[in-house]
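# An overview of the molecular structure
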Amino acid sequence: MDIQAALLREPKAAFSIETVQLDAPRPDEVVVEIVACGLCHTDLSVRDGVIPFPALPNVLGHEGSGVVIAVGSAVSKVAVGDPVALSFASCGACPACEAGTPARCDNFLPANFMGRRADGSCTHHQHGQDINGCFFGQSSFASHALVRERHVVKVPHDVPLELLGPLGCGIQTGAGTILNHLKPQPGSSVVVFGAGAVGLSAVMAARIAGCTTIIAVDVHPARLALARELGATHALHAREDDVLARIKDITGAGADCAVEATGVPEVVAQSIRSVRRGGQVALLGVGRMDAPLPLVLGDLLSGAVIQSVVEGDSVPDSFIPQLIEFYRQGRFPFDRLIQFYDFAQINEAAHDAETGRAIKPVICMPGANRRRP
Ligand SMILES: [Zn+2]
Ligand SMILES: [Zn+2]
């Protein structure tokens, strides 16, 4: 079928909206008419070549939500007409997937970044030429996405569908790091470096977990103010405050947990130094993979547990509905992070994400039946 998709033709180029052809669904695939798609930092890292990605042109976008309009012959999880949120891809067959931890899938990188199905075939074409798709198993900067049934999550009808795509990546990454991975004790302290969509989701989740000291660190005063509204008890300016000294003042011996959501080497080092002896550090931020860290051995000998966390260690089928229920109860107001853009404004949305003007841009597809809150 013909669809409209935002193509990335060259590194660092603007997205261009073009007509391309999408395959018919295979037995385990579904076609989703995209209502909206969040723009995540990873889209920009791939666009700019920070995350190496194979051949261009490519269709990016990996926080899609929409309605199922066709299903393959073996699909049983969803039916035509179901509203769904799309999440990251995992193979479903490796030991990590079989153990129910798809975010640790052995095949996470090829499944999400190779641009093709596991058998090497392309899902997108234009004038008979292959176009890379399958970005995070979805390529949702488009009017339609072809997705394995495994990666769609049925969502309730009574929550605005255009809000829900970011639950599939950025928001579950921040919230899941707290609720699925760090699991802080009620009354404990957590410091969150980077108050973007991931960090602010961690702040909201820390409040749900009962943390009583929640410290947000960022360079944007507006984001720090929002962090306070969403549950941070303290907000530190990364450049103007002596961040480590202030964290020690506030917590006594250092934080129980730290969440690093910037990927900036100096901040990664700071996050490791910010926890008490035996504390926990979760590294989420993605920067240049070959960047050296300004650390010394002594920084790593404090008994702290330092672990990188992918996608918040989430099982999207159970975690996305859980987050929606927190949202319904008013405990997880992630809609406050979202700013809507029309599909034609996708490059403006990317620019606003880069400058910090938008925390979580969400691109709305034309023609999709949407209700902006
Ligand atoms: Zn796997
Ligand atoms: Zn993402």
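Here goes a summary of the coordinates provided.

## Remarks on the pattern of salt bridges
All told, the structure shown has 18 salt bridges when counted by the stated rule. For Arg117, the salt bridge is made with Glu29, and the minimal N-O distance between the two is 2.7 Å. Here Glu29 lies in strand β3 (residues 29-38) and Arg117 lies in the loop between α3 (108-113) and β7 (124-126), a separation of 88 residues in the sequence. Taking the shortest distance from any N to any O, the salt bridge between Lys154 and Asp82 comes out at 3.8 Å. Note that Lys154 is positioned in strand β10 (residues 152-154) and Asp82 in the loop between β5 (64-71) and β6 (83-86), a separation of 72 residues in sequence. Taking the relative accessible area as the measure of exposure, Lys154 reaches 48% and is therefore partly exposed. Note on Asp82: relative accessible area 12%, which makes it buried.

## With respect to the nonpolar core
One broad trend across soluble globular proteins is that nonpolar side chains are buried collectively. Formed by 54 residues in total, the largest nonpolar core has its most connected members in Leu164, Leu167, Ile178, Val190, Phe332, Phe334 and Leu337. Broken down by element, this core gets its largest block of residues, eight residues, from helix α5 (residues 197-208). For Val190, the residues in contact, after removing those within four places along its chain, are Ile178, Ala206, Cys211, Thr213, Ile214, Ile215, Cys257 and Val259. If you look at the next biggest cluster of nonpolar residues, it comprises 39 residues, including Ala6, Ile51, Phe135 and Ala350.

## Regarding the packing of aromatic side chains
Inspection of the entire model under this criterion finds eight aromatic pairs. Ring centres 5.2 Å apart and planes at 70° place the aromatic pair Phe113 and Phe136 in the edge-to-face group. On the criterion of sequence distance, the pair formed by Phe113 in helix α3 and Phe136 in the loop between β8 (129-131) and β9 (144-148) is long-range, its members being 23 residues apart. A single burial state applies to Phe113 and to Phe136, both of which are buried. Judged by centre distance (5.0 Å) and plane angle (80°), the ring pair of Phe135 and Phe136 falls under edge-to-face. With respect to class, Phe135 is no different from Phe136; both count as buried. Here a set of aromatic residues connected by ring pairs shows up, and it is made of Phe88, Phe108, Phe113, Phe135 and Phe136.

Conventions we followed
Residues numbered from 1 in each chain as written. Chains lettered and ligands numbered in written order. Predicted model: local features only at pLDDT ≥ 70, side-chain atom pairs only at ≥ 80, totals over all residues. Heavy atoms only, no water. Salt bridge = Lys/Arg side-chain N within 4 Å of Asp/Glu carboxyl O. Helix = DSSP H or I, 4+ residues; strand = E, 2+ residues; numbered from the N terminus. Buried < 20%, exposed > 50% of the residue type's maximum accessible area, 1.4 Å probe, protein only. Core = buried A, V, L, I, M, F, W, Y, C linked by side-chain atoms within 4.5 Å. Contact = heavy atoms within 4.5 Å. Phe/Tyr/Trp six-rings, centres within 6.5 Å; stacked < 30°, edge-to-face > 60°.

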